[in-house]
Structure formats: C-alpha cells, structure tokens
Amino acid sequence: MIDNLSILLSHGLLLLAFWLLTRRDDLDSEPPPPPDAEPQGFAVRRPRASKEQPGDA
Amino acid sequence: MRDLFFVGYLGLLMLMAFKRPFLFTLVYAYIDIVAPQRLSYFLLNSIPLSLILFALAVLGFLISDDKRDVRVSPRWALLIVLLAYCGYSTTVALEPVAAQEKWSWVWKALVFAAFLPLLLKTRLRIEALALTLVLCASALIVTGGIKTALGGGGYGSLVLLIDDNSGLYEGSIISCVAIAIIPLIVWLAQHGTIFKPDWKVKAYAAALTFAALLIPVGTQARTGLVCIAVLALLAIRQTKRRFLYLTGAALVGLAAIPFLPSAFSDRMETIKDYKADESAATRVAVWKWTWEFVQEHPFGGGFDAYRINKIRYDLPVVDENGFDTGAVDRKEIVDQGRAYHSSYFEMLGEQGFPGLIIWLLIHVGGVWRMEMLARMYKKRNRPDEGWVAPLATALQNAQIIYLVGSLFVGIAFQPFVYMLIAMQLGLDTYLARRRNEAAWTPIRKQRMRAAQT
C-alpha cells in the first residue's frame, strides 16, 4: 500500500516533468546571454583591455 | 499488475523521449536508480533495458544534438583515466571472477558519467537531471519515510519497495544519498523552472526533506546520522541568522529525541562505544589489513581484493552494564573476506595509491570547483545568473556529505554519485561557455563586428 503510493507519487511527478520538458524550447538550445556590461574575471586586470580606448585606433 | 504498469510507464516515457532525444538520457538514469526491472516479476526482467536506453541516448546525441557546444574539463579526463585504470586493474586482479563482476557495473557507471556532461548544455537540461535524480530517489525515500513515521524500520529490516540489498536499496547507501540530495531538493524548490516554486512545490519539497531525514532513523544506519550532522554544519555556512539557526536546530534536535525509537537511540549510542562494537572493530581491522596490503601491492589488488583477507582482532569483553572489563580478558575474533566499509580504503585496496589519488582528485576536486563557481557567480551578481551560485553550493554540499558518509561505507563507485559528479562537470563547462559568450568586448570591436556583417 505505502509502496504503491510512493511509486505512484514519484513516477507521476517524473512523468509530469517529462511532459513539461517536451513543451520547452530551451531544453535543446537557449539564446545567447546578454553581454557583460563591464569586463569580468581576468579581463579586469588585463592591461590590454584598458589600452583599447576609443582614442588609440 | 505492477508489471503492466511499469511496461506502460516506460513506453510513455520513451514516447516522449522520441520527441526530445535528450530525455532518453534521463530515462536511462531512471532505470539505473529505480531499477524497475527488479520491481517487476517478469516482462522487464528479461530485457536488457539499460543497454537499449544507453544506445538510444547515444544515438539521440549523435543525430540530433549540436556538437559545437560540447566541451570537456580536466576532471572529465580524470574520469576517463580512472575508467582505463580500473579496466587494466581488472585484468590483473587477485580475485579475477569477483573483479570481473564488479567491473561489469562499474564501467557502465563511469561511461555514463563521462557521457552525461557532453549533453548538459542548457540550464534546463541541468535542472532536468537534478529533478530526475531527486524524483527517482524519492521513490525510495517516500516509502522509507512513511514506514519509519508509522513506526516500522530497524537495521537491515526497513524494506524499501523490494527486499534487496543492492544499488540504492541498501540501508547505509540510501541513508547517505537521501541526506546528500537534500541541498538539491532545496535548490529545486527555490530556483526550479520545470515545477515553478509555488506553495505546492515548496510544501512537497519540505515533506520530502523530512522523509529524507527519517531514512537514517528507519534504516538505523549510523552513517546517516553522521551525514545529518554534516548537513547541519554545512547549513550554518549559508545561514544569515546563525544564532537563530543554531538555537532552532538544537531545539528541534532535542524535541526529536523522545520520538526516536529506542532501538535507534541504542544503536546510535554505539558510535561512542565503538571499541566494544564488533562492526566497528572489524572496520578498523580491515583498514589496518588494507594499509599493510598496499605496502606490498602499491597498485592495489583489483576489484574485490578484500576477499583474500583474513583478519584477527580482539574485542574487549564487556559486562552486563556495558562496561569494558579490562584489557586482560579479551575475546578474539577471526574473520575472513571482510569488505572495506569505507570508500577510501576500498579505492586504496582495490586500485592502490594511483587509483585513490585519481578518485580523490575527481571527488575533492568537485568540492573545490563548486566553491570557485559559487564565489565567482556571487561576485558577478547578474540577475539572469541568480540560480548558479546556489546550485554550485548545493552540489558541493551533496559532495561533502557523500565524502564524509563514504568514510564508513564502501560506495566509491555508486552510480548515483557519479551522476552528481556528471552534473558538476556539465555545470562547469556550461558556465564556461556562457561566460565566454557573454564576455565584455570593447565598443570598438563591437562596431567592427557590426560593420563586417
């Protein structure tokens, strides 16, 4: 009885999750992220990044 | 009846997977964790389900997935090295027949763990895997939780769906795994997009967490209690109001004691008196044996090398009050072929020092990488990436709980844990690609690119 309830509950939710997944376009590919507003990570400390100002072209 | 249900159910899942081939991978994970073929009496028993599903998953990947997004990481390479190394050690194993038997499932777990990250290339896929792992484990956790709450259970006697001691169905293993996935349950309830975090999802997550906490009580596996303690400690790190949390946790802990079955309290008491406990004494003796064994066999003895051990150890004689009667009068116990009861010694004894080092790099490396990611994304603080740091921390906590739990249980190759590792690897490479795509470029370069197109 408890076993069957547990099986039904977990399997029902998994089935529902699968069904919801088949309706989602972002499962297989997603749009590119919005670009960073400012340099992140190593780019912050990289001297080249700071040299590339509009004036030095 | 149950047979027909499972056949129909698998048919439905596979029907949906033909629409979205990535789902074949999740169906494979489901079969690996829940093992429906063992829950049924005929039909599914006779079909090589895992093999068929794995073939379909690979086929789906080869035909329909965009391979440009595929990336690998150093830890992924280590998984391949471990696979090759274990394969080699099996050919020179001291117990060839037993080693072959263990290898027959270990390689599948490792190959699947290496395959999985290649597919995890969208946020939704990572979340779908997390949800599948949690829901599959919940099939065992819900029944175990309810039976324990109704007063059932006992060491080795809490039956979870089937009376079987393999895979997740073993008491100590499910105790460790049930606690390890609690951080993932919490993450899904806060950041899930498949089941949006409304009151229903939160209520179910809370109930499932409670059931997971009851599993160590029901199975009376001491490892589970240690895992709960680790989880409580890890939660302190994330709590803002630490004093309130500590007070609350202490109160809940104290309030729970009267409700715990006395058999559970008695068994947990033995953690303190481990010297007079046969199960604990054997472990220490096996660990000593393993250490001496690898001095002569630094490359290990292959899978199940413990079968050759013969250990002799003393157990202090205790009087009727449970007190040690003194070192003079000791009961000598001789044992043969005792298992390692620790993943670390399992790796050391079976795969030697190189195997243990690779294994540690994969697992401890996971804790380290997840820490790096969590810190990086907290600092980036972008609104569209709010889910990343909590997931990295959840995966890190799951890994730490596993690493502590596996001190006392030989689960070095538990497939479920390798799926968690695969999720870490997938998350890591996915984020690296997304960071690259979002990387800041100077306005001049952006203009040049725009002019070219």
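Structural notes, computed from the coordinates. Because the structure is a prediction, the values reported are computed rather than measured.

Focus on the overall build of chain B
- The number of helices and strands found in chain B is 18 helices and two strands.
- Expressed as a percentage of its 453 residues, the buried residues of chain B come to 42%.
- Taking contacts inside chain B between residues at least 6 apart in sequence as the whole, the part at least 24 apart equals 77%.

Overview of the overall build of chain A
- Across its full length, chain A holds two helices and zero strands.
- In chain A, which comprises 57 residues, the share counted as buried stands at 14%.

Description of the packing of helix α7 (residues 123-149) of chain B against helix α17 (residues 415-438) of chain B
Residues and elements named next belong to chain B.
- Where α7 meets α17, the axes come as close as 10 Å, and the angle between the chain directions of the two elements is 165°. Judged on the interaxial angle alone, α17 and α7 are roughly antiparallel. Here the hand of the crossing between α7 and α17 comes out left-handed. In contact with I126, L129, A130 and L133 of α7, α17 contributes M419, M423, G426, L427 and Y430.
- Partitioned by chemical class, the residues of the contact of α7 with α17 number eight nonpolar, one polar and no charged.

Notes on the nonpolar core
Residue and element names in this part refer to chain B.
- With 125 residues, the main nonpolar core has A137 and I181 as its most contacted residues.
- Sorting elements by how many residues they give to this core places α7 first, with 15 residues.
- Look past the residues within four positions of A137 in its chain and what remains in contact with it is I33, L168, V177, A178 and I181.

Considerations on the interface of chain B and chain A
- Each partner contributes to the interface: chain B provides 36 residues, whereas chain A provides 34 residues.
- Elements with a minimum of two residues in the side of chain B that touches chain A: α1 (2-19), α2 (22-34), α7, α17 and α18 (443-452) of chain B.
- Looking at the side of chain B that touches chain A, the element that brings in the most residues is α7 of chain B, giving 13 residues.
- Residues of the side of chain B that touches chain A, tallied by class, amount to 21 nonpolar, four polar and 11 charged.

Let's talk about unusual backbone geometry
- Phi angles above zero are rare outside glycine, and A35 of chain B is one such case at about 55°.
- On the basis of neighbour counts, which here come to 22 C-beta atoms within 10 Å, the residue A35 of chain B falls in the buried class.

Thoughts on helix α9 (residues 182-191) of chain B
Residues and elements named next belong to chain B.
- The element α9 is extensively covered by neighbouring structure, given that seven of its 10 residues are classed as buried.
- Among the residues of α9, I182, P183, L184, I185, W187, L188 and A189 are the ones counted as buried.
- In this structure, the buried side of α9 is in contact with α7, α8 (171-180), α10 (199-219), α11 (222-238) and α16 (388-405).

What to know about the packing of α2 of chain B against helix α4 (residues 49-64) of chain B
Residues and elements named next belong to chain B.
- Closest axis-to-axis distance for the α2/α4 pair is 8 Å, and the angle between their directions is 160°. Of the possible angle classes, the one that applies to α2 and α4 is roughly antiparallel. The element α2 and its partner α4 pack so that their crossing is left-handed. Across the interface between the two elements, F22, F24, T25, V27, Y28, I31 and D32 of α2 pack against L49, S50, L53, F54, L56, A57 and G60 of α4.

Cut-offs applied
- Residues numbered from 1 in each chain as written.
- Chains lettered and ligands numbered in written order.
- Predicted model: local features only at pLDDT ≥ 70, side-chain atom pairs only at ≥ 80, totals over all residues.
- Helix = DSSP H or I, 4+ residues; strand = E, 2+ residues; numbered from the N terminus.
- Buried ≥ 20, exposed ≤ 12 C-beta atoms within 10 Å, placed from the backbone.
- Contact = placed C-beta atoms within 7 Å.
- Axes fitted to C-alpha atoms, helices over the stretch in contact; angles between N-to-C directions.
- Parallel < 35°, antiparallel > 145°, perpendicular 65-115°, else oblique.
- Left-handed = near helix turned anticlockwise from the far one by under 90°.
- Nonpolar A, V, L, I, M, F, W, Y, C, P; charged D, E, K, R; others polar.
- Core = buried A, V, L, I, M, F, W, Y, C linked by C-beta atoms within 7 Å.

Nothing here speaks to function; it is geometry throughout.
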